[in-house]
Amino acid sequence: HIFDEQGDIFKRIILLVDCTSLKRATEFVYSAILPQASKPFIYMSINLPPEHVDVNIHPTKKEVSLLNQERIIEKIKDAIEEKLMNCNNTRIFQTQALNSSALTQANTRKDKGTEVSTPTGEKSQKIPVSQMVRTDPRDPSGRLHTYWQGQTSNLEKKSGLVAVRNIVRSRRNPKDAGDLSSRHELVTEIDYNLHPGLFDIVKNCTYVGVADEVFALIQHNTLLYLVNVVNVSKELMYQQALCRFGNFNAIQLSEPAPLLELLTMALKDDESMSDVNEKEKLEIAEVNTEILKENAEMINEYFSIHIDQGGNLTRLPVVLDQYTPDMDRLPEFMLTLGNDIAWDVEKECFRTAAAAIGNFYALHPPILPNPSGKGIRLYKKNKDSMESAGQADND
């Protein structure tokens, strides 16, 4: 409704209309760029005097024509084409070889099954269509990194340098930290608890995509699985911390971070410390700062977490190449190191320190911006129920 100065009400009715010539011209420009049978989406704002729009083209008034339509459409077409050509300068296309085995199966497939020919020419048993596996983890034709082959990117060069540095560092270090019996026992425990079925699923799966804020979807053979990304990433980072034990590369912080300030921030954000006054929180932060300073040499040697004599954090370990953790969780990580590590028992010290590193470097929900699923609520519900049952670890 629109009100004038006298208060009278005028009604304006807005209808969706179509300009066929403009639509065809736009689709023609995009046809040279988009795949076949694809349709473009474009938002266009055209301001014209009302008298230049002819609405008497179609009985239902759903189609309009414009005055000087050919000239207007030609200008719009040229503007779109210029924009697309400028964007097209940076596009890179890579050819991809066909999967000959999949092509053979596709050509010989029938309605109820598929006959697979052997090298000797004999036909094997028919495979039902419902049991056919159309993805191969060894030849991931649907993955993005297939299109990166042949490109010498900076990431590949950087990963090569990281590998060389690891080798040089291990040769220069006369004291091999990997020979520690406690660390070896922890790695052995991981191998002992290995589940062959799950190991095969993870090793030979095909990544499908993110399902919601917590879960991702993978395919193995003909089955789809929901994977808790939070728990899997924690376990991955924990195992990485033990595998790179004493042989980490380091992330240099742009500015040293005072431990006392980090610990104070963590205590203020901790809901379990809401009843503690500010003075007591400061005392707890000071105690944890001294604990970390006393054990600074050990955690620097084994985990590349460097704390200088002034009580400032200057370096963090590279747990996974080309991956940086969420630095907003750094205060919580330092509080965990100072408060939850069993410094007196070697094996327990290594285990709790690796677990703290794993929790800090892991992905935390929501892993998607603007989530809309129910995964995060399920994750929180499971987490709360496990904590109330007295179970600290999520199997």
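Residues numbered from 1 in each chain as written. Predicted model: local features only at pLDDT ≥ 70, side-chain atom pairs only at ≥ 80, totals over all residues. Heavy atoms only, no water.

Novice: How should I be thinking about the sheet that holds strand E10 (residues 250-258) in this particular structure?
Specialist: By definition, the strands of a sheet pair up through backbone hydrogen bonds, in either a parallel or an antiparallel sense. Taken together, the 3 strands give an open sheet; going across it, the order is E10-E12-E11, and neighbouring strands pair in antiparallel fashion. One side of each edge strand has no neighbouring strand; the edge strands of this open sheet are E10 and strand E11 (306-307). (Pairing = 2+ DSSP bridges. Helix = DSSP H or I, 4+ residues; strand = E, 2+ residues; numbered from the N terminus.)

Novice: What is the right way to look at the pairing of strand E8 (residues 215-220) in this model?
Specialist: Successive side chains on a regular strand alternate, one facing one side of the sheet and the next facing the other. Of all 6 residues making up E8, 5 are buried, and the element is well covered by its neighbours. The sheet contact formed by strand E7 (residues 206-210) and E8 spans 4 bridges and is antiparallel. The partner of Tyr207 across the bridge, within E8, is Ile218. In this structure, the hairpin formed by E7 and E8 is closed by a connection of 4 residues. Where E8 lies against strand E9 (residues 223-228), 6 bridges are found, and the strand directions are antiparallel. Pairing of Phe215 across the sheet is with Asn228, part of E9. Where E8 folds back onto E9 in an antiparallel hairpin, the turn is made up of 2 residues, including Asn221, whose phi is positive at roughly 55°. (Buried < 20%, exposed > 50% of the residue type's maximum accessible area, 1.4 Å probe, protein only.)

Novice: How should the environment of Leu363 be read in this particular structure?
Specialist: Of note, Leu363 is situated in the loop between helix H12 (346-361) and helix H13 (375-388). Residue class for Leu363 comes out partly exposed when judged on its relative accessible area of 37%. Separated by 37 residues in sequence, Leu363 and Asp326 have C-alpha atoms that sit 8.2 Å apart. Other than its neighbours up to four places away in sequence, Leu363 contacts Val229, Val230, Ser233 and Tyr323. (Contact = heavy atoms within 4.5 Å.)

Novice: What exactly am I supposed to notice about the packing of helix H5 (residues 181-192) against H12 here?
Specialist: Think of two packed helices as two axes; the pair is described by the angle between the axes and how far apart they sit. Two elements in contact, H5 and H12, have axes separated by 8 Å at closest approach and are oriented at 55°. Regarding the angle of H5 to H12, the classification is oblique. When you trace H5 past H12, the crossing you get is right-handed. When H5 is examined against H12, the residues Ser181, Ser182, Arg183, Glu185, Leu186 and Glu189 are found in contact with a partner set consisting of Glu346, Lys347, Phe350 and Arg351. Taken together, the residues of the contact of H5 with H12 sort by class into 2 nonpolar, 2 polar and 6 charged. (Axes fitted to C-alpha atoms, helices over the stretch in contact; angles between N-to-C directions. Parallel < 35°, antiparallel > 145°, perpendicular 65-115°, else oblique. Left-handed = near helix turned anticlockwise from the far one by under 90°. Nonpolar A, V, L, I, M, F, W, Y, C, P; charged D, E, K, R; others polar.)

Novice: How should I be thinking about the confidence of the model for the protein chain in this particular structure?
Specialist: A residue-level look at the protein chain finds 66% of positions with pLDDT of 70 or above and a mean pLDDT of 75. Contacts from residues 110-114, a stretch scored under 50 in pLDDT, to residues over four places away or in other chains number 15 contacts. This stretch, residues 146-153, has a pLDDT under 50; its non-local contacts, to residues over four places away or in other chains, come to 12 contacts. (pLDDT = per-residue confidence, 0-100.)

Novice: Just to check I follow, could you spell out the sheet that holds E8 for this structure?
Specialist: Within the open sheet, the 3 strands sit side by side as E7-E8-E9. Their pairing is antiparallel. Edge positions in the sheet fall to E7 and E9, since each has one partner strand and no second. Here the strands of the sheet are splayed against their neighbours by 30° on average, with no regard to which way each runs. Against the sheet, helix H7 (residues 229-243) makes contact with E8 and E9, and its axis sits at roughly 70° relative to E9, the strand it touches most.

Novice: Would you take a moment to explain the pattern of salt bridges for this structure?
Specialist: When charged atoms on two side chains of opposite charge get close, those side chains can pair. Tallied over the entire structure, the rule returns 8 salt bridges. Between Arg329 and Glu332 there is a salt bridge, with the nearest N and O atoms lying 3.3 Å from each other. We classify Glu332 as partly exposed; its relative accessible area is 38%. The structure contains a network of salt bridges with shared partners spanning Glu185, Glu189 and Lys347. (Salt bridge = Lys/Arg side-chain N within 4 Å of Asp/Glu carboxyl O.)

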